[in-house]
Amino acid sequence: MNFKKLKPLLIISISVIALLLLWKNLNNTSSWPSDLFALKDPNKITRFKFTPNNDKVKPLEFEKINDVWFIKSDNQTFPADSHNVSMLLNWAMPKLRIKMPIPNESKEYINRQLAMEGIKASFFEGDKEVHTIYVGGPTQDQMATYMFVPDTERPCIVEIPSFQGYLTPYFNTDPQLWRTIKLLNANPSDILSLKVIWHAAEKESFEIKQENNNLRLFDLKGQEVDAKKGLLTGYLLMCREFTREAGGIPGINKIPQKRDSIVQSLPIVTFMYTLRNAQTPQAKPSQMSISIYPNYHFEDVGIEASPTDTKTVQSALFWVKSSDDPNLWLTQDVVIKNRLKSLSEFKSLSNSNN
């Protein structure tokens, strides 16, 4: 066969082989298993800690106590957002896979970046540290993350297959972004009494008392008011928790004068709880309150009108403050409106159902 005819085929063959070798080299993860960075038994984890490689940023620790996750920061302990913790432990960490090791020409630069800005993520089973990784920033295309495992000779580009994005935000050390959005989360049976005070219309205020799972309604003078038990039960179920908007502390808390001017003003309504200690029922009941203040702003909220259609409505914003938290938080009318019942409404609803 004429060499001139074979030459194009030979060039194509060499090109294909070169591409295959290049592809193999790019995807080579040496002797490391692809799941080197993954957490193998997330259900066994009882504590984990994020330690920045920056002395100006404080570490953040998470601990599971009686199957509830808590955040520990600055000698304070807060309930954690169980959804966010579960996303990290049960979704992100077990799925981490090596895309490729860092090539030699980038190794020094990535090592330096990890040394300056990386987060050490340590996971424990009891007191035993079982898994540690260092998490850096995103790759240039923001589709993967630079990470490093101790005692290996170079960082790697790590991804979650089929996930479009980088993973650095899952290792954030801002405690406010990890805190639960629930200002109150009580078992209805532990609510011994709930007093709802309408500050501008005290005659509409009321108190629900619970004794031996029996609910009774009273006005603020202590006189019992006839009310359907199903209404009281439903209301207590709604008021067992209060949520705030997710995210960091609203900026108003950084200006004490503005925050204090709201806190010292008259709330629209205050919910005062007497709670049984679920862990130690013999202990003295605890007291806490949730106060709602006007905000005079609105926010667009998407509401599912049908399985294929989402309707946008405007929801009024309110400031909300728990007696257990010095900060003001935002909440929406759509979140709290069913809790804004008055004594007259209970009377009216009970009479209409007779």
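Residues numbered from 1 in each chain as written. Predicted model: local features only at pLDDT ≥ 70, side-chain atom pairs only at ≥ 80, totals over all residues. Heavy atoms only, no water.

Colleague: What is the right way to read the overall build of the protein chain from this model?
Modeller: When helices and strands are counted, the protein chain shows eight helices and 19 strands. Across the 354 residues that make up the protein chain, the buried fraction comes to 39%. Taking all contacts inside the protein chain whose residues are at least 6 apart in sequence as the whole, residues at least 24 apart take part in 60%. Here the protein chain has roughly 20,900 Å² of accessible surface; of this, 52% comes from carbon and sulfur atoms. (Helix = DSSP H or I, 4+ residues; strand = E, 2+ residues; numbered from the N terminus. Buried < 20%, exposed > 50% of the residue type's maximum accessible area, 1.4 Å probe, protein only. Contact = heavy atoms within 4.5 Å. Areas by Shrake-Rupley, 256 points an atom, 1.4 Å probe, with all protein chains shown as cover.)

Colleague: When you look at the sheet that holds strand β3 (residues 68-73) in this model, what are you seeing that I'm missing?
Modeller: In sheet architecture, strand pairing relies on hydrogen bonds along the backbone and comes in two forms, parallel and antiparallel. Judged by pairing direction, the sheet is antiparallel, and its nine strands sit side by side in the order β4-β3-β2-β1-β6-β7-β8-β9-β5 without closing on themselves. A single partner strand is all that each edge strand has here, and the edge strands are β4 (76-79) and β5 (97-101). Taking each pair of neighbouring strands and ignoring which way they run, the sheet shows an average axis angle of 30°. Alignment of strand β1 (residues 47-52) against strand β2 (residues 60-65), held across four bridges, turns out to be antiparallel. Its bridge partner lying in β2, Arg 47 is registered against Glu 63. On top of the sheet, helix α2 (residues 82-95) reaches β1, β2, β3, β5, β6 (119-125), β7 (128-138) and β9 (156-159); it is set at about 80° to β1, its chief contact. (Pairing = 2+ DSSP bridges. Axes fitted to C-alpha atoms, helices over the stretch in contact; angles between N-to-C directions.)

Colleague: Could you clarify how one ought to interpret helix α5 (residues 229-238) in this entry?
Modeller: Since one α-helical turn is 3.6 residues long, residues separated by three or four positions face the same way. Buried residues of α5: Leu 232, Tyr 235 and Leu 236, and no others. For α5, the buried positions fall inside an angular range of 100° around the axis, keeping them on one side. (Arc of directions from axis to C-beta.)

Colleague: Which parts of the structure should I look at to understand the side chain of Arg 339?
Modeller: Considering the arrangement of structural elements, one finds Arg 339 in the loop between α7 (333-336) and α8 (343-352). Buried and unpaired, Arg 339 has no salt bridge, with Glu 241 as the nearest side chain of opposite charge at 5.2 Å. Residues in contact with Arg 339, not counting those within four places in the same chain, are Tyr 235, Met 238, Cys 239, Glu 241, Phe 242 and Phe 271. (Lys, Arg positive; Asp, Glu negative; His and termini not counted. Salt bridge = Lys/Arg side-chain N within 4 Å of Asp/Glu carboxyl O.)

Colleague: I would appreciate a short explanation of the pattern of salt bridges in the present structure.
Modeller: Any two side chains of opposite charge can pair, on the condition that their charged atoms come close. Under the counting rule described, the total for this entry stands at 11 salt bridges. The shortest N-O distance in the salt bridge between Arg 276 and Asp 190 comes to 3.3 Å. Of this pair, Arg 276 sits in the loop between β16 (269-275) and β17 (286-306) while Asp 190 sits in the loop between β10 (182-185) and β11 (191-198), and the two are 86 residues apart along the sequence. Among the residues examined, Arg 276 registers a relative accessible area of 33% and is labelled partly exposed. One salt bridge connects Glu 241 with Arg 240, and the closest N-O pair in it is separated by 3.4 Å. Here the salt bridges do not stand alone but share partners, grouping Lys 107, Glu 153 and Arg 154 into one network.

Colleague: What is the right way to read the side chain of Asn 253 from this model?
Modeller: Positionally, Asn 253 belongs in the loop between β15 (241-243) and α6 (256-263). Take Asn 253: its relative accessible area is 9%, and that puts it in the buried class. In this structure, Asn 253 is in contact with Arg 259, Pro 326, Asn 327 and Leu 328, ignoring residues within four places of it in sequence.

Colleague: Before we go on, may I ask you to explain the packing of aromatic side chains in this structure?
Modeller: Between two aromatic rings, the relevant description is the distance of the centres plus the angle of the planes. Scanning the entire structure with this criterion turns up 15 aromatic pairs. Considering the side-chain rings of Phe 206 and Tyr 235, the 5.8 Å spacing of their centres and the 65° angle between planes classify their relative orientation as edge-to-face. One end of the pair, Phe 206, is in strand β12 (residues 206-211); the other, Tyr 235, is in helix α5, and 29 residues separate them in sequence. A single burial state applies to Phe 206 and to Tyr 235, both of which are buried. Ring geometry for Tyr 235 against Phe 346: centres 5.4 Å apart, planes inclined by 85°, an arrangement best described as edge-to-face. Of this pair, Tyr 235 sits in helix α5 while Phe 346 sits in helix α8, and the two are 111 residues apart along the sequence. For Phe 346, a relative accessible area of 3% translates into the label buried. Here the aromatic cluster, defined as three or more aromatic residues joined through ring pairs, consists of Phe 48, Phe 50, Phe 62, Trp 69, Phe 123, Phe 171 and Trp 178. Sitting above the plane of the Phe 78 ring, Arg 179 keeps its charged end 4.0 Å from the centroid. Above the ring of Phe 242, the side-chain terminus of Arg 339 is found at 5.2 Å from the ring centroid. (Phe/Tyr/Trp six-rings, centres within 6.5 Å; stacked < 30°, edge-to-face > 60°. Lys NZ or Arg CZ within 6 Å of the ring centre and 35° of its normal.)

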